[in-house]
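Next come the chains, spelled out residue by residue.
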Amino acid sequence: MPTDDLPETFHVTTDEQLRAVSNLTRHRIMAVLRFEPATITQIAERVGLAKGSSSYHVRLLERAGLVKVVRTRKVRGVTERYYAMAARAIVLPDPGEGGPDVLMRHAVADLEAAPVDGERHVRMAHLRLTDEQFAELGARLRALADEYRALSDPSLPDASLVFALFHPAPRKQTEGDAK
């Protein structure tokens, strides 16, 4: 399926859609479909699920509008469906103050599940920036991610890039901090 036909973004707006993307298994299924369509059997193999579980999760994603059937073919009298993402990017609503950030939770789960003997680059930096510097860094990070997403080749292994640039909530000083 040519990705030129895909809308650029899909905005998650309903509770059904939010529940669908909040599940780690469905997040991993969408990662499989990020670059190329796949059948239920192919998805099950790549995610490590039973076909029945894979089918269940794909049906929920399809009902929520996040994935769609992009082609079918007959195989020994059975119609095989190929699923793909409904858009190039899924945009989640702001979790709100104190709410769980689904995207970051999934990213941490994926990082923890990644092979420890593989190369990875993980870094946290605490910065003090002007509003202009903050905005510029955010724009540069988005541009860099977009540049490398455009270079992605579906025949190569997956790599995940996750970044979070934010102003942390002010910490309340406790007695132990003062000492």
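Look above for the structure.
In short, a report on the structure. The structure displayed is predicted, hence computed values, not measured ones.

Parameters at a glance
Residues numbered from 1 in each chain as written. Predicted model: local features only at pLDDT ≥ 70, side-chain atom pairs only at ≥ 80, totals over all residues. Heavy atoms only, no water. Helix = DSSP H or I, 4+ residues; strand = E, 2+ residues; numbered from the N terminus. Salt bridge = Lys/Arg side-chain N within 4 Å of Asp/Glu carboxyl O. Buried < 20%, exposed > 50% of the residue type's maximum accessible area, 1.4 Å probe, protein only. Contact = heavy atoms within 4.5 Å. Axes fitted to C-alpha atoms, helices over the stretch in contact; angles between N-to-C directions. Parallel < 35°, antiparallel > 145°, perpendicular 65-115°, else oblique. Left-handed = near helix turned anticlockwise from the far one by under 90°. Nonpolar A, V, L, I, M, F, W, Y, C, P; charged D, E, K, R; others polar.

**Digging into unusual backbone geometry**
- Not every positive phi belongs to a glycine, and Arg 76 is a case in point at roughly 50 degrees.
- Here Arg 76 shows up in the loop between β2 (67-75) and β3 (78-85).

**Brief notes about the pattern of salt bridges**
- Within the structure shown, the criterion is met by seven salt bridges.
- Taking the shortest distance from any N to any O, the salt bridge between Glu 8 and Arg 149 comes out at 3.8 Å. Pair noted here: Glu 8 is in the segment before β1 (9-11) and Arg 149 is in helix α6 (residues 131-151), with a separation of 141 residues, a long-range link.
- Glu 8 sits in the partly exposed class, given a relative accessible area of 42%.
- Relative accessible area serves as the criterion here: at 37%, Arg 149 is assigned to the partly exposed category.
- In this structure, the salt-bridge partner of Arg 63 is Glu 16, at a minimum N-O distance of 3.9 Å. Of the two residues, Arg 63 is situated in helix α4 (residues 51-63) and Glu 16 in helix α1 (residues 15-22); the sequence distance between them amounts to 47 residues.
- Members of the salt-bridge network, linked through shared partners, are Glu 8, Arg 88, Asp 146 and Arg 149.

**Comments concerning the environment of Glu 8**
- Separated by 151 residues in sequence, Glu 8 and Ala 159 place their C-alpha atoms 20 Å apart.
- Other than its neighbours up to four places away in sequence, Glu 8 contacts Ala 87, Arg 88, Ala 89 and Arg 149.

**Thoughts on the packing of helix α2 (residues 24-32) against helix α3 (residues 40-47)**
- Running from N to C, α2 and α3 point in directions that differ by 115 degrees, and their axes come no closer than 10 Å. Put simply, α2 runs roughly perpendicular to α3. The interaxial crossing formed by α2 with α3 has right-handed handedness. From α2, Arg 28, Ile 29 and Val 32 reach across to α3, where they touch Ile 43, Arg 46 and Val 47.
- Taken together, the residues of the contact of α2 with α3 break down into four nonpolar, no polar and two charged.

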